[in-house]
Amino acid sequence: MTLWLLLGCFNLSDTGRNPDSNVESDVDTDSDSDSDSDSDSDADTDSDTDTDPNSVDDDGDGFSEDDGDCDDEDKSIHPKASDECDGVNEDCDDQVDEDARNDDLFEPNDSSPWNCGLLTNLVDNDCPIEAILHNDDDVDLFQFYVDDTTWGDAFPVEITLSGIPLNASYRMVLTRTAADGDLELKQVDSAQGGGPFVMTIEESSWSWADDGAVYVVEVSAASGADCERVYSLYIDGD
């Protein structure tokens with residue numbers, strides 16, 4: 001009986017309780033929003049923007065190297081420039097002085113011949129030509145027709161090339177491209193060098209043969225073409 005009374009003196013409602021009533025919950029009170037370990041709240045990015053120097057128009061002509069400007073330190077040189085007769089490739093197309101052809105009254109005649117027309121001994125209609133080869137890639141073609149029926153006597157047609165620039169080598173080729181009779185269509189004559197060159201077309205020894213034909217003269221340069229030097233091509237039908 002005495003033991004039971006002693007146990008009753010204790011407050012059984014306190015059994016098993018945590019004597020420490022101040023329980024803390026550990027939370028991160030750091031206010032920054034980024035995931036790195038520094039204290040700033042911004043996202044670390046590289047703000048440096050590199051500019052390709054080839055995309056910059058250095059000479060102010062409206063074209064950069066990326067646009068095809070082959071000399072971005074000279075504003076007179078760019079893809080839209082006129083390539084005049086000065087030995088410089090102003091328009092960056094790997095050709096030199098090709099726009100000098102605009103000074104040649106017979107251009108364009110690189111693939112389609114300039115037509116001198118009919119040569120006859122009835123009227124004075126020789127074909128005098130003064131032209132230029134603006135560079136070594138230029139080709140000048142000239143065409144004429146000899147009508148055999150208009151010639152009272154046996155005819156010669158004389159073609160002379162002169163005025164070739166000093167130290168240059170020009171070519172002249174004479175080709176029969178069409179014929180009224182049985183003449184063979186072929187290269188009739190050719191010459192190359194510093195000139196002058198003279199070629200002659202003569203009537204055949206057969207008086208009954210029709211020697212009427214179309215001829216093309218080709219003038220080109222093996223080397224040394226000069227857009228400042230005018231050459232002379234004279235087609236004499238007398």
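Look up a bit, the structure's there.
Cut-offs used in this document
Every chain is numbered independently, its residues counted from 1 as its sequence is written. Two thresholds apply to this predicted model, a pLDDT of at least 70 for residue-level local features and 80 or more for giving and counting side-chain atom pairs, whereas whole-chain, interface and lining totals are computed over all residues. With hydrogens and water set aside, each side-chain value is computed from the structure's full complement of heavy atoms. Only runs of H or I of at least four residues qualify as helices and only runs of E of at least two qualify as strands under DSSP, and these elements are numbered from the N terminus. Exposure classes here rest on a 1.4 Å probe applied to the protein chains alone. A residue is buried below 20% of its type maximum, exposed above 50%, and partly exposed in between. Positive: Lys, Arg. Negative: Asp, Glu. His and the chain ends are not part of the count. By salt bridge we mean one thing: a side-chain nitrogen of Lys or Arg within 4 Å of a carboxyl oxygen of Asp or Glu. Think of it this way: DSSP has to see at least two bridges between two strands before they count as a pair. Axes, fitted as lines to C-alpha atoms, cover a helix only where it is in contact. Angles between the N-to-C directions of the axes lie from 0 to 180 degrees. To define a nonpolar core, start from buried Ala, Val, Leu, Ile, Met, Phe, Trp, Tyr and Cys residues and group those joined through side-chain atoms within 4.5 Å. Note on aromatic contacts: the rings of Phe and Tyr and the six-membered ring of Trp form a pair at centre separations within 6.5 Å, being stacked when their planes are under 30 degrees apart, edge-to-face when over 60 apart, and tilted otherwise. Contacts are assigned to residue pairs that have any heavy atoms within 4.5 Å of one another.

Notes on unusual backbone geometry
In most cases, non-glycine residues show a negative phi, while peptide bonds are predominantly trans. Look at the link from Glu-107 to Pro-108: it is a cis peptide, with omega at 0°. When you line up the elements, Pro-108 lands in the loop between helix H1 (2-8) and strand S1 (114-119). The omega angle of the peptide bond from Gly-195 to Pro-196 is 0°, so this bond is cis rather than trans. Relative to the elements of secondary structure, Pro-196 occurs in the loop between strand S6 (187-193) and strand S7 (197-202). The phi dihedral of Asn-167 is positive, around 70°, even though this residue is not glycine. With respect to the secondary-structure elements, Asn-167 resides in the loop between strand S4 (156-162) and strand S5 (169-179).

Considerations on the side chain of Asp-147
With respect to the helices, strands and loops of the structure, Asp-147 is situated in the loop between strand S3 (139-146) and S4. Buried Asp-147, no salt bridge; nearest opposite-charge side chain is Arg-176, N-O distance 13 Å.

Some remarks on the sheet that holds S7
Read across the open sheet, the four strands follow the order S2-S9-S4-S7; overall the sheet is antiparallel. In this open sheet, the two edge strands, each paired with only one partner strand, are strand S2 (127-131) and S7. Taking each pair of neighbouring strands and ignoring which way they run, the sheet shows an average axis angle of 10°. Bridging between S2 and strand S9 (residues 231-236) involves five bridges; their strand directions are antiparallel. When the bridges of S9 are listed, Ile-129 appears paired with Leu-233.

With respect to the nonpolar core
Core analysis: the largest hydrophobic core is formed by 30 residues, its most contacted members being Phe-144, Val-157, Ile-159, Tyr-231 and Leu-233. Elements that contribute at least two residues to this core include exactly S1, S2, S3, S4, S5, S7, strand S8 (213-223) and S9. With five residues, the top contributor of residues to this core is S8.

Brief notes about the packing of aromatic side chains
If you walk through the whole model with that rule in mind, you get four aromatic pairs. Measuring from centroid to centroid gives 4.8 Å for Phe-106 and Trp-114, while their planes differ by 90°, and the two rings are edge-to-face. Trp-114 sits in the partly exposed class, given a relative accessible area of 33%. Their ring planes at 80° and their centres at 5.7 Å tell us that Phe-106 and Phe-142 sit as a pair that is edge-to-face. Here Phe-142 lies in strand S3 and Phe-106 lies in the loop between H1 and S1, a separation of 36 residues in the sequence. What makes Phe-106 buried here is its relative accessible area of 11%. Joined through ring pairs, the aromatic side chains of Phe-106, Trp-114 and Phe-142 make up one cluster.

Quick notes on the sheet that holds S3
As a general point, the strands of a sheet are linked pairwise by backbone hydrogen bonds and lie either parallel or antiparallel. Pairing within the open sheet is mixed, and its five strands lie in the order S1-S3-S8-S5-S6. Each edge of the open sheet is held by one strand with a lone partner, namely S1 and S6. In this sheet, adjacent strand axes meet at a mean angle of 15° when their direction is disregarded. In this sheet, S8 lies alongside S5 in antiparallel orientation, the contact comprising ten bridges. Bridged to Ala-179 within S8 is Ala-213.

A look at the environment of Asp-210
As for its placement among the helices and strands, Asp-210 is situated in the loop between S7 and S8. Taking relative accessible area as the criterion, Asp-210 reaches 32% and is therefore assigned partly exposed. Residues Asp-210 and Gly-181, spaced 29 residues apart in sequence, show a C-alpha to C-alpha distance of 5.0 Å. Beyond its immediate sequence surroundings of up to four residues, Asp-210 is in contact with Asp-148, Asp-180, Gly-181 and Leu-183.

Thoughts on the pairing of S3
Alignment of S1 against S3, held across five bridges, turns out to be parallel. Looking across to S3, one finds that Asn-115 is bridged to Gln-143. For S3 and S8, the ladder comprises eight bridges, and the chain directions are antiparallel. When the bridges of S8 are listed, Asp-140 appears paired with Val-219.

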